[in-house]
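# Reading the structure
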Amino acid sequence: MASQRGATRRSYRGLGLAGLIAALIAAALAAGLAAIWLVMGPALRPPSPSRAPLSFADGALSEATLAEAAAASGVIARIEAARRRARQASLAEAPAAPERSDPAAGFAFLSPWRAPKPLRLALGPNQDYAPHFAEAARRSGLSAAAIAALIDAEAAKTASGAWDPRSGNTRSTARGLGQFLQATWLAEAAKRHRLLNQEARARGLLDARGRPKSATAEAALLALRDDPRLSIIAAAEMAAEHVLRLAAAGHAAGGEAEAARLAYLAHHAGYTGARAHLRGERDAARAAVRLRANLTDAQASKWLDAHKGAPAEAYAAWLDSYVAERVAPQRFAPLAPAGLE
């Protein structure tokens, strides 16, 4: 009898040890599944219909993500989000956060989700500039196609259709792919959250107030207009600011084409000039100067003749015609992602 009771107690102890091991294994599995859900959850869960499915607090956004953001929140929301990221990065005295890798990469066997691949713009002979447009889109919130349309409308072209990054306007101080006037370029360089400001500071060209340290520094800063990357991104960041300001004035962009149109108007005529044009306000003296600065004498005379010699009406008609014909983001719409054609 005593031996039977001892055997029973040993059996209970064995069962207790086995139960403890089983409980520990179950707890470990539960913790593992919880960790996987924390990582995979955002990718696996469908977006909530009550809020935008995107988090703008993350780093740089791919073109595919920007397209989703346009549908969810619109162009203005994207621009504001990009400006917040630039501000945060600048205040932290650190470069903007790099684009994050696929958070589910370590669990590929559990989910078909993949981070979107960057889309390739239809830039023709200017395809080498594609990385600059992707960066400009991330920094500004405008789409790469809209930025490409802006640059295409401004940049001088060679016989092959390639943009000339060192082109200058003989009738003004405009230069580079973005055709920045000297005064505009210096003003953009003084803005703390701009990439141009960061690059100029890194080169030791600016003082504490954001002004060139010397005449030599100013010349070196103006020479940066020939840098395709800086010119494209500076144009995009300035365009984003203009689109926001015009929206606040009652001229909101309803989509990429309208954003590109507003961006070009302000790039060409400045914010004040663009707002006046959109309101139908005309300044004959200013219009006469701008007409001669943008057209040959023969072309300007043709537009003036068509509008009974009125420079304000001739300039407004030419500008509307030029924007309608030349500022067309759809011409640069992204092709299939690389590797998926």
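Residues numbered from 1 in each chain as written. Predicted model: local features only at pLDDT ≥ 70, side-chain atom pairs only at ≥ 80, totals over all residues. Heavy atoms only, no water.

### Observations regarding the overall build of the protein chain
Looking only at helices and strands, the protein chain has 12 helices and 0 strands in total. For the protein chain, the succession of helices and strands along the chain, N to C, is α-α-α-α-α-α-α-α-α-α-α-α. When burial is assessed residue by residue, the protein chain has 38% of its 341 residues classed as buried. For the protein chain, the proportion of contacts with a sequence separation of at least 24, taken over those separated by at least 6, is 66%. (Helix = DSSP H or I, 4+ residues; strand = E, 2+ residues; numbered from the N terminus. Buried < 20%, exposed > 50% of the residue type's maximum accessible area, 1.4 Å probe, protein only. Contact = heavy atoms within 4.5 Å.)

### Section: the nonpolar core
In this structure, F133, W185 and L221 are the most contacted members of the largest nonpolar core, which totals 70 residues. Those residues within four positions of W185 in sequence are excluded, and the remaining contacts are F180, L196, L221, L222, L224, R225, L230, S231 and A234. (Core = buried A, V, L, I, M, F, W, Y, C linked by side-chain atoms within 4.5 Å.)

### A few points about the packing of aromatic side chains
Centre-to-centre distance and the angle between the planes together describe a pair of aromatic rings. Enumeration over the complete set of coordinates arrives at 6 aromatic pairs. On the numbers, 5.7 Å between centres and 35 degrees between planes, the contact of Y264 with Y322 is tilted. On the criterion of sequence distance, the pair formed by Y264 in helix α9 (residues 256–279) and Y322 in helix α12 (residues 311–326) is long-range, its members being 58 residues apart. Here Y264 and Y322 have matching classes, each one buried. Here a set of aromatic residues connected by ring pairs shows up, and it is made of Y264, Y315, W318 and Y322. In this arrangement the basic side chain of R245 is found over the ring face of Y271, its NZ or CZ atom lying 3.8 Å from the centre. (Phe/Tyr/Trp six-rings, centres within 6.5 Å; stacked < 30°, edge-to-face > 60°. Lys NZ or Arg CZ within 6 Å of the ring centre and 35° of its normal.)

### Examining the environment of A183
Summarising the element assignment, A183 is placed in helix α5 (residues 182–189). Put simply, A183 and L222 are 39 residues apart on the chain and 9.4 Å apart in space, counted from C-alpha to C-alpha.

### As for the side chain of D226
Tracing the sequence through the fold places D226 in the loop between α7 (215–223) and α8 (228–248). The class for D226 is buried, based on a relative accessible area of 14%.

### Let's talk about the pattern of salt bridges
Enumeration over the complete set of coordinates arrives at 15 salt bridges. We note a salt bridge from E188 to R194, for which the minimum N-O separation is 2.7 Å. Classification of E188 as buried rests on a relative accessible area of 3%. Relative accessible area serves as the criterion here: at 8%, R194 is assigned to the buried category. Here the salt bridges share partners, and the residues they tie into one network are E135, E199, R203 and R229. (Salt bridge = Lys/Arg side-chain N within 4 Å of Asp/Glu carboxyl O.)

### A short note on a nonpolar patch on the surface
On the surface, a cluster of nonpolar side chains totalling about 300 Å² of accessible area is made up of I21, I25 and L29. We classify L29 as exposed; its relative accessible area is 55%. (Patch = residues over 30% accessible without salt bridge, like charges linked within 9 Å, V, L, I, M, F, W, Y side chains within 5 Å. Areas by Shrake-Rupley, 256 points an atom, 1.4 Å probe, with all protein chains shown as cover.)

Keep in mind these values describe shape, not function.
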